[in-house]
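# Geometric and topological summary
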Amino acid sequence: MSDMGLMNSFIPLIVPSIAAPIVFFFIKQYMDSVLPMELIEAARIDGAHEFRIFNQIVLPLMKPALAVQMIFQFVSSWNNYFIPSLLLNRADKKTVPILIAQLRSADFLKFDMGKVYMMLGCAILPVIIVYLCLSKFIVRGVTLGGVKG
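Residues numbered from 1 in each chain as written. Predicted model: local features only at pLDDT ≥ 70, side-chain atom pairs only at ≥ 80, totals over all residues. Heavy atoms only, no water.

## Things to note about the pattern of salt bridges
The criterion, for reference: Salt bridge criterion: a side-chain nitrogen from Lys or Arg within 4 Å of a carboxyl oxygen from Asp or Glu. Every helix listed is a DSSP run of H or I at least four residues long, and every strand listed is a run of E at least two residues long, numbered separately from the N terminus. Think of it in three bands: residues with accessible area under 20% of the maximum for their type are buried, residues over 50% are exposed, and the middle band is partly exposed, with areas taken using a 1.4 Å probe on protein chains only.
By the definition in use, this model includes 3 salt bridges. Ionic pairing is found between Asp32 and Lys28, a salt bridge with its closest N-O pair at 2.5 Å. Of the two residues, Asp32 and Lys28 both sit in helix 2 (residues 21–34), 4 residues apart, roughly one turn of that helix. Relative accessible area serves as the criterion here: at 46%, Lys28 is assigned to the partly exposed category. The partner of Asp92 in a salt bridge is Arg90, with the nearest N and O atoms 2.8 Å apart. Accessibility expressed as a relative area gives 57% for Asp92, which makes it exposed.

## Comments concerning the layout of surface pockets
Put simply, the test is: Cavities and pockets are defined on a 1 Å grid built over the protein atoms alone: a cavity is a set of grid points where a 1.4 Å probe fits but cannot escape, while a pocket is an open set with protein on both sides within 12 Å along at least five of seven lines, and lining residues are those with an atom within 4 Å of any such point. Grid points are joined across faces, edges and corners, and a volume is the space filled by probe spheres set on the points. Residue polarity is assigned by list, with Asp, Glu, Lys and Arg as charged and Ala, Val, Leu, Ile, Met, Phe, Trp, Tyr, Cys and Pro as nonpolar; anything else, Gly included, falls into the polar class.
What the largest pocket holds in volume is close to 540 Å³. Lining the largest pocket we find 23 residues, and of these Leu13, Ile14, Ser17, Ser77 and Trp78 sit closest to its centre. Elements that contribute at least two residues to the lining of the largest pocket include exactly helix 1 (11–18), helix 4 (50–78), helix 5 (82–87) and helix 6 (96–105). With 8 residues, the single largest contributor to the lining of the largest pocket is helix 4. Its residues placed into classes, the lining of the largest pocket shows 15 nonpolar, 7 polar and 1 charged.

## What to know about the packing of helix 3 (residues 37–45) against helix 4
We apply this condition: Angular values range over 0 to 180 degrees, each being the angle between N-to-C directions of two axes fitted as lines to C-alpha atoms, with helices fitted over their stretch in contact. Working rule for angles: under 35 degrees goes down as roughly parallel, over 145 as roughly antiparallel, 65 to 115 as roughly perpendicular, anything else as oblique. Note: crossing handedness is left-handed where the near helix turns anticlockwise from the far helix by less than a right angle, and right-handed where it turns clockwise. In this analysis, two residues are considered to be in contact whenever any of their non-hydrogen atoms come within 4.5 Å of each other.
At a closest axis distance of 10 Å, the pairing of helix 3 and helix 4 adopts a crossing angle of 150°. In terms of orientation, helix 3 lies roughly antiparallel with respect to helix 4. In this structure, helix 3 meets helix 4 at a crossing whose hand is right-handed. Contacts from Leu39, Ile40, Ala43 and Arg44 in helix 3 reach Glu50, Ile53, Ile57, Val58 and Leu61 in helix 4. Taken together, the residues of the contact of helix 3 with helix 4 sort by class into 7 nonpolar, no polar and 2 charged.

## Details of the packing of aromatic side chains
Which entries qualify depends on this criterion: Between the rings of Phe, Tyr and Trp (Trp by its six-membered ring), a pair exists once the centres lie within 6.5 Å; its type follows the angle of the planes, with under 30 degrees stacked, over 60 edge-to-face, and the other angles tilted.
One pass over the full model with this rule turns up 2 aromatic pairs. Look at Phe26 and Tyr30: their rings are 6.5 Å apart centre to centre, the planes differ by 20°, and that puts the pair in the stacked class. Of this pair, Phe26 and Tyr30 both sit in helix 2, 4 residues apart, which is roughly one turn of that helix. What makes Phe26 partly exposed here is its relative accessible area of 30%.

## Overview of helix 2
The cut-off we apply is this: What a helix should span is 1.5 Å times the count of its residues minus one.
Given a rise of 1.5 Å per residue, 14 residues ought to cover 20 Å, and the 20 Å separating the end C-alpha atoms of helix 2 matches this to within 8%. Its buried side turned inward, helix 2 meets helix 1 and helix 4.

## What about the side chain of Ser135?
Where we set the bar: Counted as a polar contact is a pair of N or O atoms within 3.5 Å, where, for protein atoms, one must be capable of donating a hydrogen and the other of accepting one, and residues adjacent in sequence contribute only when both atoms are in side chains.
Tracing the sequence through the fold places Ser135 in helix 7 (residues 113–146). Among the polar contacts made by the side chain of Ser135, one reaches the main-chain carbonyl oxygen of Leu132 at a distance of 3.4 Å.

## Some thoughts on unusual backbone geometry
Residues other than glycine seldom take positive phi values, yet Asn8 does so here, at roughly 55°. Its location among the elements puts Asn8 in the segment before helix 1.

As structure tokens, then:
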């Protein structure tokens, strides 16, 4: 990362989580189980192009899987300690897990647990907000799948 000039940058923290192999595997498995090929073939017969088929048919069916993966990737990136501690050296670029660890280890014998718990409370707020924003897509996808009957 230092040879590419990406030290003290958030780019190497974000890009690998977007292109994680588990995301592609999960999305492929979800598409195999939910997306009927007859629906895509019917859209092709009706004259729809691939871009329109993806945007108007495939993407709405994939919203629950995309929401789940967004939540998982956000939580794993938000809670990541190891990679940011290797790549970020400047104090203004420290992530929340690094700050919590530094707060706990500042003075081992007399650190204030109130500050640590307050920091943990502040650290979990973005995770809760992301979950609340994306959970409607998960619930909508579960109810959509349950009505097929």
